[in-house]
Amino acid sequence: MTKKGDRFDVDAELTYAEHGWTQSSRAPAGYRVARHRVVVGEGRDAFSRLAGGILGWELHRLAGLNVRAQAPRAGEGVHVVPGFGFGRLRLAAPCRVVWVEEGTTRAGFGYGTLPGHPETGEECFVAVLEPDGQVYFELFAFSRHSNWFYKLGGLVASACQRLVTRRYLAAARKLASGIPTDA
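All figures in this text were calculated on a predicted structure; none of them were measured in a lab. Just so you know, the residues in each chain are numbered from 1, in the order the chain's sequence is written. Side-chain atom pairs in this predicted model are given and counted only at pLDDT of 80 or more, local residue features only at pLDDT of at least 70, and totals for whole chains, interfaces and linings cover all residues. Side-chain metrics rest on all non-hydrogen atoms present in the structure, leaving aside hydrogens and water.

**Overview of the side chain of His79**
Then, in step 1: The way it works is that DSSP assigns letters per residue, a run of H or I at least four long becomes a helix, a run of E at least two long becomes a strand, and they are numbered from the N terminus. Its place among the elements puts His79 in strand S3 (residues 79-84).
Then, in step 2: Three exposure classes are used, based on accessible area relative to the maximum for each residue type with a 1.4 Å probe and protein chains only: buried under 20%, partly exposed in between, and exposed over 50%. When its relative accessible area of 4% is taken as the criterion, His79 is described as buried.

And the structure:
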């Protein structure tokens, strides 16, 4: 949620040219790619819980990220700043939602990096209800380190990225299962 006094640089430009490519699971040359598709539940209720959790930022919170968002729900053009770490050691990752999909069998969004993000690229989070009733969580991203500092610490930055991805996968399972999120 947006707190009083929060400011978002609404004029900030995305830091890469390939806007919206994650919606079709495409990645430009020269980027690292992360592609995950895991079964997290079964049935319409599991799909609805997962889709709501993705679109309402709960997936990010359950993954252990602090979330400052311009709106309580993902929408095209909405700015969001997920944060990783504690206090002054928190790493902010400003993004803007570049696409949203809200269908009866697919729901999710993709966001792109803004200046100040340690990476350059795009990432998407999608709930999918297959005809057989299986519910999948899909995460697709393309990225590269944004500057020399993050390139220098590339192993640490990549390890942090893998950790957050594992947390997203666990959070998606929890959301789809209906386990209370405060448990």
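**Some points on the packing of aromatic side chains**
Geometry of an aromatic ring pair is reported as the spacing of the ring centres plus the angle between the planes.
Then, in step 1: When the centres of two rings from Phe, Tyr and Trp lie within 6.5 Å, Trp using its six-membered ring, the rings pair. Their planes under 30 degrees apart give stacked, over 60 give edge-to-face, and anything left gives tilted. For the structure shown, the criterion picks out seven aromatic pairs.
Then, in step 2: An angle of 45 degrees between the planes, with centres 5.4 Å apart, marks the rings of Phe109 and Phe125 as tilted. Residue Phe109 is found in strand S6 (residues 106-113), and its partner Phe125 is found in strand S7 (residues 119-129); the two are separated by 16 residues along the sequence.
Then, in step 3: In this structure Phe109 comes out as buried when scored by relative accessible area, which is 0%.
Then, in step 4: You can call Phe125 buried: its relative accessible area is 0%.
Then, in step 5: Look at Tyr111 and Phe125: their rings are 5.5 Å apart centre to centre, the planes differ by 80 degrees, and that puts the pair in the edge-to-face class. Of this pair, Tyr111 sits in strand S6 while Phe125 sits in strand S7; the two residues are 14 residues apart in sequence, bridging distant segments of the chain. Note on accessibility: Tyr111 and Phe125 belong to one class, buried.
Then, in step 6: Taken together, the aromatic side chains of Trp57, Phe109, Tyr111, Phe125 and Tyr168 make up a single cluster linked through ring pairs.
Then, in step 7: The ring of Trp21 carries the charged tip of Arg26 above its face, separated from the ring centre by 4.3 Å. Both a distance and an angle decide whether a charge sits over a ring: NZ of Lys or CZ of Arg must be within 6 Å of the ring centre and within 35 degrees of the ring normal.

**Regarding unusual backbone geometry**
Then, in step 1: One non-glycine residue with positive phi stands out, namely Ser25, at about 55 degrees.
Then, in step 2: Inspection of the secondary structure puts Ser25 in the segment before strand S1 (32-42).
Then, in step 3: Positioned with a positive phi, Trp57 is a non-glycine residue whose angle comes to about 75 degrees.
Then, in step 4: Mapped onto the secondary structure, Trp57 falls in the loop between helix H1 (44-55) and helix H2 (58-62).
Then, in step 5: The class for Trp57 is buried, based on a relative accessible area of 0%.

**Section: the environment of Ala170**
Then, in step 1: Note that Ala170 resides in helix H4 (residues 154-177).
Then, in step 2: Residue classification places Ala170 among the partly exposed residues on the basis of a relative accessible area of 41%.
Then, in step 3: Along the chain, Ala170 and Val40 lie 130 residues apart, while their C-alpha atoms are 8.9 Å from each other.

**Structural notes on the environment of Pro28**
Then, in step 1: As for its position among the elements, Pro28 is in the segment before S1.
Then, in step 2: In this structure Pro28 comes out as buried when scored by relative accessible area, which is 8%.
Then, in step 3: It is 9.5 Å that separates the C-alpha atoms of Pro28 and Gly121, two residues lying 93 residues apart in sequence.
Then, in step 4: For this analysis, residues touch if any pair of their heavy atoms sits within 4.5 Å. Not counting residues within four places of it along the chain, the set of residues in contact with Pro28 comprises Glu18, Trp21 and Phe142.

**Describing the pattern of salt bridges**
Then, in step 1: Any carboxyl oxygen of Asp or Glu that lies within 4 Å of a side-chain nitrogen of Lys or Arg is treated as forming a salt bridge with it. The final tally for this structure, using the stated rule, is six salt bridges.
Then, in step 2: Residues Glu119 and Arg32 are paired through a salt bridge, measuring 2.7 Å at the closest nitrogen-oxygen approach. Residue Glu119 is found in strand S7, and its partner Arg32 is found in strand S1; the two are separated by 87 residues along the sequence.
Then, in step 3: Glu101 serves as the salt-bridge partner of Arg106, at 3.3 Å between the closest nitrogen and oxygen.
Then, in step 4: By relative accessible area, Glu101 is classed as partly exposed at 23%.
Then, in step 5: Counted as one network, the salt bridges with shared partners bring together Arg37, Glu101, Arg106, Glu130 and Glu138.

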